[in-house]
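This is what each chain is made of:
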Amino acid sequence: MQKQIELGTPKTFITLGNKANTLFKYMIKQGLNIRQEDYQTHKVYNYSYIMLKPESNGKKRKPADPKRIEEYKKHIADIVQIKAKARALGAGFCGHR
């Protein structure tokens, strides 16, 4: 990932799920060479999590809850917009699972 950061200078990082998000934060603590003010991160849940597992963030909605699906779709659409803006500005974009 360090090489990708050096070559692409991404300004946005997408992590897929809690494990990837936790790993990304750990890599930063361990010395991943990127300044926090230079980028933003967005965590996306895997679609199978939305469809197959109950929510565990306090709302406790059931799998495939229509509101969860709508929120997921909106979140993905927001990320698509962020990616389009980043590309228009010539900024890098990096997503990891």
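Residues numbered from 1 in each chain as written. Predicted model: local features only at pLDDT ≥ 70, side-chain atom pairs only at ≥ 80, totals over all residues. Heavy atoms only, no water.

**Student:** Can you explain the confidence of the model for the chain? Please cite residues and give values.
**Tutor:** The pLDDT averaged across the chain works out to 85; a share of 93% of its residues lies at or above 70. For the chain, per-element mean pLDDT is lowest for strand 3 (residues 92-96), which scores 54, and highest for helix 3 (residues 47-52), which scores 93. (pLDDT = per-residue confidence, 0-100. Helix = DSSP H or I, 4+ residues; strand = E, 2+ residues; numbered from the N terminus.)

**Student:** Give me helix 2 (residues 17-29): which residues, what numbers.
**Tutor:** Helical geometry: 3.6 residues make up each α-helical turn, so side chains three or four residues apart lie on a common side. The end-to-end C-alpha distance of helix 2, which contains 13 residues, comes to 19 Å, matching closely the 18 Å that a straight helix rising 1.5 Å per residue would cover. Among the residues of helix 2, G17, A20, N21, F24 and I28 are the ones counted as buried. Down the axis of helix 2, the buried side of the element spans an arc of 100 degrees, and every buried residue falls inside it. What points out from helix 2, more than 90 degrees from its buried face, is the exposed set K19, T22 and K29. Positive backbone phi, at 120 degrees, marks G31, one or two positions downstream of helix 2. (Expected span 1.5 Å × (residues − 1). Buried < 20%, exposed > 50% of the residue type's maximum accessible area, 1.4 Å probe, protein only. Arc of directions from axis to C-beta.)

**Student:** So what's going on with the environment of Y49? Residues and values would help.
**Tutor:** Along the polypeptide, Y49 turns up in helix 3. Taking the C-alpha atoms as reference, Y49 lies 8.8 Å from G17; in sequence the two are 32 residues apart. Apart from the residues within four sequence positions on either side, Y49 is in contact with P54, E55, S56 and R68. (Contact = heavy atoms within 4.5 Å.)

**Student:** Requested: an account of the pattern of salt bridges, with residues and values cited.
**Tutor:** If you walk through the whole model with that rule in mind, you get 3 salt bridges. Note that E55 is salt-bridged to R61, the shortest N-O span being 2.6 Å. R61 carries the same exposure label as E55, and that label is buried. The salt bridge partner of K74 is D78, with a shortest N-O separation of 3.1 Å. Separated by 4 residues within a single helix, K74 and D78 lie in helix 4 (residues 66-88), roughly one turn from each other. When its relative accessible area of 35% is taken as the criterion, D78 is described as partly exposed. Salt bridges sharing common partners tie together E55, R61 and E71. (Salt bridge = Lys/Arg side-chain N within 4 Å of Asp/Glu carboxyl O.)

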